[in-house]
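# Structural description and commentary
Okay, here's what each chain looks like letter by letter:
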Amino acid sequence: MNFEIVLATNNAHKLKEVREILSPHKITVYGLGDLPIRQEEPEETADSYYGNALIKAQAVAKLTTLPVIADDSGLEIEAMNNQPGLHSARYASEHGGHTNAIQEILKNVKDNRKARFICDIVLLNVEDKPLLFEGIAEGSIGEKPFGEGGFGYDPIFIEKDLNKTYAEMSQEEKNKVSHRGRALKKLLVYLKITGKAK
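We now turn to the structure provided with this report. This structure is a prediction, so every number in the text was calculated from the model and none was measured.

### Description of the overall build of the protein
- Helix and strand content of the protein: six helices and eight strands.
- Going from the N terminus to the C terminus, the protein shows its helices and strands as β-α-β-α-β-β-α-α-β-β-β-β-α-α.
- Its C-alpha radius of gyration of 17 Å places the protein within 12% of the 16 Å reference for a compact globule of 198 residues.
- Here the C-alpha coordinates of the protein stretch approximately 50 × 30 × 25 Å along the principal axes.
- Per-residue burial for the protein yields a buried fraction of 47% across its 198 residues.
- A fraction of 58% describes how many contacts in the protein between residues 6 or more apart in sequence connect residues 24 or more apart.
- Across the protein, the centroid of the 26 positively charged side chains sits 4 Å from that of the 29 negatively charged ones.

### Here we look at the layout of surface pockets
- In this structure, the largest pocket encloses a volume near 640 Å³.
- In terms of lining, the largest pocket is formed by 28 residues, of which the most central are Asn11, Lys14, Ser73, Ser88 and Ala89.
- Of all the secondary-structure elements, those providing two or more residues to the lining of the largest pocket are helix H2 (49-61), strand S3 (68-77), helix H3 (88-94) and helix H6 (179-193).
- Take the lining of the largest pocket: its biggest share by element is five residues, from S3.
- A breakdown of the residues in the lining of the largest pocket according to their chemical character gives seven nonpolar, 10 polar and 11 charged.

### Overview of the side chain of Asp72
- Within the element layout of this structure, Asp72 appears in strand S3.
- Residues within four places of Asp72 in sequence aside, it is in contact with Glu44, Ser48, Tyr49, Asn52, Ala53, Lys56, Leu86, Ile118, Cys119 and Asp120.

### Overview of the nonpolar core
- Membership of the largest hydrophobic core comes to 22 residues, with the highest contact counts inside it found for Leu22, Ile27, Val29, Ile69, Leu123 and Leu187.
- Beyond its immediate stretch of four places on either side in the chain, Ile27 contacts Asn2, Phe3, Ile5, Leu22, Leu188, Leu191 and Ala197.
- Listed in part, the 20 residues of the second largest apolar core include Ile77, Tyr91, Leu106 and Val109.

### Here we look at the packing of aromatic side chains
- Within the structure shown, the criterion is met by four aromatic pairs.
- Judged by centre distance (4.9 Å) and plane angle (75°), the ring pair of Phe117 and Phe157 falls under edge-to-face. Residue Phe117 is found in strand S5 (residues 114-124), and its partner Phe157 is found in strand S7 (residues 157-159); the two are separated by 40 residues along the sequence. Considered together, Phe117 and Phe157 belong to a single accessibility category, that of buried residues.
- For the pair Phe117 and Tyr166, a centre-to-centre distance of 5.6 Å together with 15° between the ring planes defines the contact as stacked. Note that Phe117 is positioned in strand S5 and Tyr166 in the loop between strand S8 (164-165) and helix H5 (171-177), a separation of 49 residues in sequence.
- By way of ring pairs, the aromatic residues Phe117, Phe157 and Tyr166 are connected into one cluster.

### A word on the packing of helix H1 (residues 12-22) against H6
- Packing of H1 against H6 leaves a shortest axis separation of 10 Å and a crossing angle of 45°. Considered as vectors, H1 and H6 are oriented oblique to each other. Note on packing geometry: the crossing formed by H1 with H6 is right-handed. In contact with Lys14, Glu17, Val18, Ile21 and Leu22 of H1, H6 contributes Arg180, Gly181, Leu184, Leu187 and Leu188.
- A class-by-class count of the residues in the contact of H1 with H6 yields six nonpolar, one polar and three charged.

### Some words on the pattern of salt bridges
- Enumeration according to the criterion identifies 16 salt bridges in this entry.
- With a closest N to O distance of 3.2 Å, Lys160 and Asp161 form a salt bridge.
- The exposure class assigned to Lys160 is exposed, which follows from its relative accessible area of 52%.
- The class for Asp161 is partly exposed, based on a relative accessible area of 47%.
- The network of salt bridges with common partners includes Lys14, Glu17, Asp71, Asp154, Lys174 and Arg180.

The rules behind each value
- Residues numbered from 1 in each chain as written.
- Predicted model: local features only at pLDDT ≥ 70, side-chain atom pairs only at ≥ 80, totals over all residues.
- Heavy atoms only, no water.
- Helix = DSSP H or I, 4+ residues; strand = E, 2+ residues; numbered from the N terminus.
- Rg over C-alpha atoms; globule rule 2.2 N^0.38 Å.
- Buried < 20%, exposed > 50% of the residue type's maximum accessible area, 1.4 Å probe, protein only.
- Contact = heavy atoms within 4.5 Å.
- Lys, Arg positive; Asp, Glu negative; His and termini not counted.
- Charge placed at Lys NZ, Arg CZ, Asp CG, Glu CD.
- 1 Å grid on protein atoms, 1.4 Å probe; cavity = no way out; pocket = protein on both sides within 12 Å on 5 of 7 lines; lining within 4 Å.
- Points joined across faces, edges and corners; volume = space filled by probe spheres on them.
- Nonpolar A, V, L, I, M, F, W, Y, C, P; charged D, E, K, R; others polar.
- Core = buried A, V, L, I, M, F, W, Y, C linked by side-chain atoms within 4.5 Å.
- Phe/Tyr/Trp six-rings, centres within 6.5 Å; stacked < 30°, edge-to-face > 60°.
- Axes fitted to C-alpha atoms, helices over the stretch in contact; angles between N-to-C directions.
- Parallel < 35°, antiparallel > 145°, perpendicular 65-115°, else oblique.
- Left-handed = near helix turned anticlockwise from the far one by under 90°.
- Salt bridge = Lys/Arg side-chain N within 4 Å of Asp/Glu carboxyl O.

Now the structure itself:
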């Protein structure tokens, strides 16, 4: 019997990444579109990744008895005072999409190219309190976009261990080193320890 979990998102890219990491461990991951849940993603009004992930998880946890995970993530660029950070999605929409947002970032980043991606995953409906799993990927901003894969800011974020942009990596490579992949590995360790995953 697989352990079933709901990912509180309508983002198909995110759902695919999470499934690829968790499915081999007898975990069935449902997106909102797989269940009779019609939930618009709530407004993210918190001042932390954890707070925003919690808002998203709580909105869905009211509608199902299944365990729920939600994540919030952001790209923090040192030369931009760790922006866009919490507002990474909003920054893209304000600039008319990620392609324009990437060009704006490249204009702002000159000598100091240090950056990191952060992902906070919150798990509800398992214990009597929210559980947090955080992943951080250190890296830098490339001088121009590279690679055809990934989504969002992936073409300009060079992860330090593999020294490639997320967009240049295979999905398998990205899952090993990405901020979301690192957070999901911590979640997986918890699920294995508690006997919910193989």
